[in-house]
Protein chains: 2
Amino acid sequence: MKAAILTIGDEILIGQIIDTNSAWIASRLTDLGIDVVQTLSIADEENAIYQAVNNLLQTVELIITTGGLGPTSDDKTKYALCNLFGGRLILHEESLHQISLIFSKRGLPLTETNKNQAVVPSSCTPIVNLYGTAPGMVFHQNNSMLISLPGVPFEMKEMFNNDVVPILAHLEGRREVVRYSINTFGIAESFLSDMLTDFERAMPSNVRLAYLPGPSGIKLRLTAFGNSRESLHQQIDNLSVILNEMLNPYIFGYNDDTLPIVVSRLLRERNKKIAVAESCTGGYISHLITQIPGSSDLFIGGVVAYDNSIKTGVLGVNSDVIATHGAVSSQTVSQMLDGVLRVFACDYAIAVSGIAGPSGGTTDKPVGTTWIGVASNKNQRIEHFTLGNLRDINIQRAAFTALNELRKLIHSE
Amino acid sequence: MKAAILTIGDEILIGQIIDTNSAWIASRLTDLGIDVVQTLSIADEENAIYQAVNNLLQTVELIITTGGLGPTSDDKTKYALCNLFGGRLILHEESLHQISLIFSKRGLPLTETNKNQAVVPSSCTPIVNLYGTAPGMVFHQNNSMLISLPGVPFEMKEMFNNDVVPILAHLEGRREVVRYSINTFGIAESFLSDMLTDFERAMPSNVRLAYLPGPSGIKLRLTAFGNSRESLHQQIDNLSVILNEMLNPYIFGYNDDTLPIVVSRLLRERNKKIAVAESCTGGYISHLITQIPGSSDLFIGGVVAYDNSIKTGVLGVNSDVIATHGAVSSQTVSQMLDGVLRVFACDYAIAVSGIAGPSGGTTDKPVGTTWIGVASNKNQRIEHFTLGNLRDINIQRAAFTALNELRKLIHSE
């Protein structure tokens, strides 16, 4: 079964935004055993949309479109689809109800423009949008299906997972696909690929290995295609056993695990609480932990001790230590850890101090110099890391490295 | 002059990588006054490449392709293009020389596979790749031109800037382009578009208005196309004057301004310092401010007071106030503000307390209930906001709203 993804919006064609929806949808369709043969981005113009969809209907059985469903006059998708699939524009009461709920919740009046978002072609089956105002639409023509989704990523993803997946799951002509990811941290991609040269050479031809690098490490994803789920699972199991042995010291989790998720799970399982003292990471570690639902069970709080007065005042770092060794030193981080354990009365602590850049570097402490400490009431570990020159990347790498250090400390106790 | 961008590679179609080349090239072409009418991603298959290029040659004058030029057997681009544009495969001596240089530098032997990268269709003008092993290729057919570039982003970008731009600069039919963005916060897209209905109707036909929503508000981008930069600037100036008058209360900045950038600029100009007390935003406000280089000039620090013990212990919030009014209340936020100003000895303070969800909601305080406070030593402002049901989005909305409230407070003093 062949599919195409069509993203609609001028902002993509002028390079204003990077189209992340296509990759996300392509990955989900691949998981469902549907072959994506092309992704296409076009302008939000009625004729362009009509032509593109009309051409795709000749070549694929499934078309997923995103975007062009906003309330403004520059959103043309539903008009183009109404021309192409026929019918007339009618009001979808259920969507109108949902839209009014959103506006009343925000205490805003419902304008004609908003109401108009609930208007869809009579030739489609609407999908109510629980997180925004533009409904999704499902159209059929001969043996092909088109599903139109909003362009706002979180609305699109919710609608895809809750409403589109159940529709696609019933389609015929899908291949079986089994995926399994092993998530590593602390080893460079080139070293991984060198270690895995023979492994890759020996892999069955129906299995693919992908290296997916990100701020939370490198995800190694195995994808097996075939007809019998059972035998695919067997293949993946055999291969993952080998990978687990080879890469053991670098593996922190599997599949959707991220370092914040893994660390939170370890703390919850042990009923332990954590607090954080951040300097160069500026609150990013706290943000990573509190992004996860239920984090209040295990996260007590944090201090962003950017100015030294906060390191001394709130965390009780000795000002002589800062004067002698500098704020970016193992001695300062050590006292930050003590301060966190005391002030926040927690079981585990993280403390980070470094020079994120671009300014602030010296000859003996260049930009990227970072001290990362983790502690329990029993142990304290402080490591020195030399990161790069890019502020954003340094903040991310310092934060995820700190979480990985904590993960190792918890496992060791 | 119409252009299309064609990215070639299976990894895009299975969602393994996000195609960032398209957005980068689209932005450069737009700046050069070339209209990108579509971007397309297809598999690295000879027939798919042949068909896609053949179709595009009928509809656009310029095609830029990336990818499918690697040394391995699964890179098909040059074979497909040789079939399509004619000629035979010949060795390009200059590229071979360049490739051998790279390998001798790395102290590696030159294999037949590597040598084969210097082989190109006789129907193209090759572009030597100074940063990798795959040469670029320029083809002509009738009035259309195709430029094939490597898929490795930094190789592609260097080749585009050094070799492709000079070629495109001589093309006829390019238009001048002038862009200007007005960045708003605190007004929904539908209300903006209602306010701007007449404005859009009255806009000159060579100017486009785009609504670009993001977590930092909605960016209104004016793009003017024409022949004389001077008159385009004049048009944009006239239109922006009108927009500035109509939308004044919602405008926080222009072009690349974000709320963290604008707030940081206001504080730096006034030589004022800020600190933050965060509950539901969990450190994200501190992260947004400290992401910006030089933030240590104006950001003293923050407390993530997730557990009530931190609100009382570190910020000195009265536990009776929490018991009586709850942690998510204007009374608690008011005392958090006082605490920040006192503990951090700063000029401005932000405090946020809310229910990010998905759990923690009650009938009188549902998920999304958020109190946002900003204060100086003279004034304190606390507002109630009802956000949505999604944790990530609530954290973002609360953080950017807080920054916008602070922006308004600073302006009012």
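Residues numbered from 1 in each chain as written. Chains lettered and ligands numbered in written order. Predicted model: local features only at pLDDT ≥ 70, side-chain atom pairs only at ≥ 80, totals over all residues. Heavy atoms only, no water.

### Considering the overall build of chain A
Within chain A, the secondary structure is distributed over 16 helices and 17 strands. With the principal axes as the frame, chain A shows a C-alpha extent of 80 × 60 × 40 Å. In chain A, which comprises 413 residues, the proportion classed as buried is 55%. Sequence-distant contacts in chain A: of pairs separated by 6 or more residues, those separated by 24 or more amount to 67%. Once the 31 positive and 40 negative side-chain charges of chain A are each reduced to a mean point, those two points are 4 Å apart. (Helix = DSSP H or I, 4+ residues; strand = E, 2+ residues; numbered from the N terminus. Buried < 20%, exposed > 50% of the residue type's maximum accessible area, 1.4 Å probe, protein only. Contact = heavy atoms within 4.5 Å. Lys, Arg positive; Asp, Glu negative; His and termini not counted. Charge placed at Lys NZ, Arg CZ, Asp CG, Glu CD.)

### Things to note about the domain arrangement of chain A
Residues and elements named next belong to chain A. Taken domain by domain, chain A holds domain 1 (2-168), domain 2 (176-254) and domain 3 (259-412). Computed over C-alpha atoms, the centres of domain 2 and domain 3 are 31 Å apart. Taken together, the 6 residues of domain 2 in the interface contact 7 residues of domain 3. Surface buried jointly by domain 2 and domain 3 totals about 620 Å² across both partners, of which 65% is contributed by carbon and sulfur atoms. A per-residue breakdown of the area domain 2 buries against domain 3 is headed by F185, P215 and F252, which together make up 77% of the total. Between domain 2 and domain 3 we count 0 salt bridges in total. Along the contact surface separating domain 2 from domain 3 lie 1 residue pair in polar contact (both at pLDDT 80 or more). Of the residues belonging to the side of domain 2 that touches domain 3, the class tally is 4 nonpolar, 2 polar and no charged. (Domains from an automatic or database assignment. Buried area = accessible area lost by both parts, 1.4 Å probe. Salt bridge = Lys/Arg side-chain N within 4 Å of Asp/Glu carboxyl O. Polar contact = N/O pair within 3.5 Å; in protein donor to acceptor, adjacent residues only side chain to side chain. Nonpolar A, V, L, I, M, F, W, Y, C, P; charged D, E, K, R; others polar.)

### Concerning unusual backbone geometry
It is generally the case that most residues other than glycine have a negative phi and that most peptide bonds are trans. Of note, the bond from A:G357 into A:P358 is cis; its omega dihedral lies within 30 degrees of zero at 0°. Positionally, A:P358 belongs in the loop between β15 (348-354) and β16 (369-376). At B:N142, a position not held by glycine, the phi torsion is positive, near 50°. Given a relative accessible area of 75%, B:N142 falls into the exposed group. Located in the positive-phi region is B:A345, a residue other than glycine, with phi close to 45°. Along the chain, B:A345 turns up in the loop between α15 (330-343) and β15 (348-354).

### Some remarks on the interface of chain B and chain A
Counting residues at the interface gives 71 residues for chain B and 73 residues for chain A. Carbon and sulfur atoms supply 59% of the area that chain B and chain A bury against each other, a total of about 5,500 Å² over both sides. When the buried area of chain B at its contact with chain A is split by residue, B:L13, B:I14 and B:Y306 rank highest and sum to 10% of it. Along the contact surface separating chain B from chain A lie 1 salt bridge. The tally of links from chain B across to chain A stands at 26 residue pairs in polar contact (both at pLDDT 80 or more).

### A word on empty space enclosed by the protein
Leftover empty space is mapped by rolling, across the atoms, a probe with the size of a water molecule. Under the definition given, this model contains 2 cavities of 30 Å³ or more. A:D19, A:S41, B:D19, B:S22 and B:S41 are the residues nearest the centre of the largest cavity, which is lined by 18 residues in total. Put simply, the parts of the chain that give the lining of the largest cavity at least two residues each are α2 (21-31) and β2 (35-42) of chain A together with α2 (21-31) and β2 (35-42) of chain B. When grouped by side-chain class, the residues that make up the lining of the largest cavity number 10 nonpolar, 6 polar and 2 charged. Approximately 40 Å³ is the volume attributed to the second largest cavity. (1 Å grid on protein atoms, 1.4 Å probe; cavity = no way out; pocket = protein on both sides within 12 Å on 5 of 7 lines; lining within 4 Å. Points joined across faces, edges and corners; volume = space filled by probe spheres on them.)

### A few points about the pattern of salt bridges
Counted under the stated rule, the structure contains 21 salt bridges over all chains. In this structure, A:R265 and A:D257 form a salt bridge, with 2.6 Å as the shortest nitrogen-oxygen distance. In this structure, the salt-bridge partner of B:D35 is B:R175, at a minimum N-O distance of 3.0 Å. With B:D35 in strand β2 and B:R175 in the loop between α7 (153-169) and β9 (176-184), this pair connects stretches of sequence that are 140 residues apart. Given the relative accessible area of 24%, B:D35 is considered partly exposed. Looking at B:R175, the relative accessible area reads 28%, which means it is partly exposed.

### Some thoughts on α2(B)
Of all 11 residues in α2(B), 8 are buried, a share of seventy percent or more. Inspection of α2(B) places B:N21, B:S22, B:A23, B:I25, B:A26, B:S27, B:L29 and B:T30 among the buried residues, and these make up the whole buried set. In this structure, the buried side of α2(B) is in contact with α1 (10-13) of chain A together with β1 (2-8), β2, β3 (62-66), α7 and β9 of chain B. Two residues or fewer past α2(B), B:G33 is found with a positive phi of approximately 80°.

### Here we look at the nonpolar core
Within the largest apolar cluster, 46 residues are counted, with the highest numbers of intra-cluster contacts made by A:L6, A:V53, A:F85, B:L6, B:V53 and B:F85. Not counting residues up to four positions away in its chain, the partners in contact with A:F85 are A:V53, A:L57, A:S123, A:F139, A:H140, A:Q141 and A:L146. In terms of nonpolar packing, the next biggest core, distinct from the first, is built from 42 residues, A:I322, A:L337, B:A327 and B:A375 among them. (Core = buried A, V, L, I, M, F, W, Y, C linked by side-chain atoms within 4.5 Å.)

### Considering a nonpolar patch on the surface
Residue and element names in this part refer to chain A. Where nonpolar side chains cluster on the molecular surface, the patch consists of M195, V241, I242 and M246 and spans about 300 Å² of accessible area. The greatest single-element share of the nonpolar patch, amounting to 3 residues, is contributed by helix α10 (residues 229-247). Secondary-structure assignment places V241 in helix α10. (Patch = residues over 30% accessible without salt bridge, like charges linked within 9 Å, V, L, I, M, F, W, Y side chains within 5 Å. Areas by Shrake-Rupley, 256 points an atom, 1.4 Å probe, with all protein chains shown as cover.)

### What to know about the environment of A:I395
Here A:I395 shows up in helix α16 (residues 391-412). A residue is classified by how much of its surface remains accessible, and A:I395, at 2% relative accessible area, is buried. Separated by 25 residues in sequence, A:I395 and A:T370 have C-alpha atoms that sit 9.9 Å apart. Leave out the neighbours within four places in its chain, and A:I395 touches A:C280, A:T281, A:Y284, A:A356, B:H287, B:T290 and B:Q291.

### Quick word on the packing of α2(A) against helix α7 (residues 153-169) of chain A
All names here are of chain A. Following both chains from N to C, one finds α2 and α7 inclined at 20°, their axes separated by 12 Å at the closest point. When the axes of α2 and α7 are compared, the pair comes out roughly parallel. For the crossing formed where α2 meets α7, the hand is right-handed. Facing α2, whose interface residues are N21, W24, I25, R28 and L29, α7 presents P153, M156, K157, F160, N161, V165 and L168. Residue composition of the contact of α2 with α7, by class: 8 nonpolar, 2 polar and 2 charged. (Axes fitted to C-alpha atoms, helices over the stretch in contact; angles between N-to-C directions. Parallel < 35°, antiparallel > 145°, perpendicular 65-115°, else oblique. Left-handed = near helix turned anticlockwise from the far one by under 90°.)

### Description of the sheet that holds strand β11 (residues 217-226) of chain A
All names here are of chain A. Pairing within the open sheet is antiparallel, and its 4 strands lie in the order β10-β11-β9-β12. On the outer flanks of this sheet lie β10 (207-214) and β12 (251-254), each paired with one strand and no other. Direction aside, the axes of adjacent strands within the sheet are offset by 25° on average. Bridging between β10 and β11 involves 8 bridges; their strand directions are antiparallel. By the bridge assignment, G214 is partnered in β11 with G217. Its contacts with the sheet place α10 against β9 (176-184), β10, β11 and β12, and it is angled at close to 15° to β9. (Pairing = 2+ DSSP bridges.)

### Examining the packing of helix α3 (residues 46-59) of chain B against helix α4 (residues 77-85) of chain B
Residue and element names in this part refer to chain B. Between α3 and α4, the least distance of the axes is 9 Å, while the angle of their chain directions is 50°. Classed by the angle they form, the pair α3 and α4 counts as oblique. Both α3 and α4 take part in a crossing whose hand is right-handed. On α4, the residues touching E46, I49, Y50, V53, N54 and L57 of α3 are T77, Y79, A80, L81, N83, L84 and F85. For the contact of α3 with α4, the residue count by class is 9 nonpolar, 3 polar and 1 charged.

### A few points about the packing of aromatic side chains
All names here are of chain A. Enumeration according to the criterion identifies 11 aromatic pairs over all chains in this entry. When the centroid spacing of 5.4 Å and the interplanar angle of 80° are considered together, the rings of W24 and F160 count as edge-to-face. Remark: F160 occurs in helix α7 and W24 occurs in helix α2; sequence separation between them is 136 residues. For F160, a relative accessible area of 0% corresponds to the buried category. Ring centres of Y180 and Y254 lie 5.8 Å apart, and the angle between their planes is 25°; this geometry places the pair in the stacked category. Note that Y180 is positioned in strand β9 and Y254 in strand β12, a separation of 74 residues in sequence. (Phe/Tyr/Trp six-rings, centres within 6.5 Å; stacked < 30°, edge-to-face > 60°.)

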